[in-house]
Amino acid sequence: MEARVAWVAVAPIKGMALELVDDALLTEAGIAGDRRFFLVDENDRLINAKGLGVLQQIRPVYDEATRTLSLHMPNGAVVDGVVETNGDVSANFWGDPKQARVVVGPWSDAISDLAARNLRLVEPADSAPDRGRSGATTLLSTGSLRALAQE
């Protein structure tokens, strides 16, 4: 059997648009940089696109080497800068607490304005804290895509 990777995509911010990447480091915890950040509401609860679909209109691009984050907003604006953190938060991931640092800068305000909700961008100690070893990466075959298209 022959297998070929057609593309690799990551979500620098959980719940936002995917970013196609040319290469990726696949570790036991998933692809390095995937879900590097996530959002919490005023009660420190995880917010994602399942509950707030408008987030998928934001295309984040993150450069780990320079710690630069750019948000490409649906109106064409780009919100960018160097990521810095200040303050801790214990985020509620469906009843499971996850420790993270609050990201300071222009991103939370821009996201909150689009979502019409008070949201904060946070950075966990490790990428994708919600996935764990059993769900670190998703593989989708072209055969599955063809079958889905027929349905």
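Below you will find a few notes about this structure. Numbering of residues starts from 1 in every chain and runs along the sequence as written. Only residues with pLDDT of at least 70 get local features here, since the model is predicted, and only at 80 or more are side-chain atom pairs given and counted; chain-wide, interface and lining totals rely on the full set of residues. Each side-chain value is worked out from all heavy atoms of the structure, with water and hydrogens disregarded.

Some remarks on the pairing of strand 8 (residues 68-72)
Worth spelling out the cut-off: Here, a strand pair is defined by DSSP locating no fewer than two bridges between the strands. Each helix is a run of H or I in the DSSP string that is no shorter than four residues. Each strand is a run of E no shorter than two, and both are numbered from the N terminus.
Pairing geometry for strand 7 (residues 59-63) and strand 8, over five bridges, is antiparallel. Looking at the pairing, Pro60 lines up with Leu71 of strand 8. Where strand 7 hands over to strand 8, the hairpin turn is made up of four residues, of which Arg67 adopts a positive phi near 55 degrees. Where strand 8 lies against strand 9 (residues 78-82), five bridges are found, and the strand directions are antiparallel. Residue pairing across strands places His72 opposite Val78, the latter belonging to strand 9. Counting the residues in the hairpin turn of strand 8 and strand 9 gives five residues, including Gly76, whose phi is positive at 95 degrees.

Re the pattern of salt bridges
Applied cut-off: Salt bridge, as used here: a side-chain nitrogen of Lys or Arg that lies within 4 Å of a carboxyl oxygen of Asp or Glu. Note on classification: 1.4 Å probe, protein chains only; a residue is buried when its accessible area is under 20% of the maximum for its type, exposed when over 50%, partly exposed between these limits.
Evaluation of the coordinates by the stated rule reveals eight salt bridges. For Arg120, the salt bridge identified is with Asp44, shortest N-O distance 2.2 Å. Residue Arg120 is found in strand 12 (residues 120-124), and its partner Asp44 is found in the loop between strand 5 (38-40) and strand 6 (46-47); the two are separated by 76 residues along the sequence. Asp96 is the partner of Lys98 in a salt bridge, and the nearest nitrogen-oxygen pair spans 3.2 Å. With a relative accessible area of 37%, Asp96 lands in the partly exposed category. Residues joined by salt bridges that share partners form a network here, namely Arg36, Arg67 and Glu123.

Side note on the layout of surface pockets
Condition: Buriedness for pockets is judged along seven lines, at least five of which must meet protein on both sides within 12 Å for an open set on the 1 Å grid over protein atoms alone, while cavities are sets there where a 1.4 Å probe fits but cannot get out, and lining residues have an atom within 4 Å of a point. Grid points are joined across faces, edges and corners, and a volume is the space filled by probe spheres set on the points. Nonpolar residues are Ala, Val, Leu, Ile, Met, Phe, Trp, Tyr, Cys and Pro. Charged residues are Asp, Glu, Lys and Arg, and all others, Gly as well, are polar.
The computed volume of the second largest pocket comes to approximately 240 Å³. Taken together, 13 residues line the second largest pocket, and the ones lying closest to its centre are Val10, Val21, Ala32, Gly33 and Tyr62. Residue composition of the lining of the second largest pocket, grouped by class: eight nonpolar, one polar and four charged.

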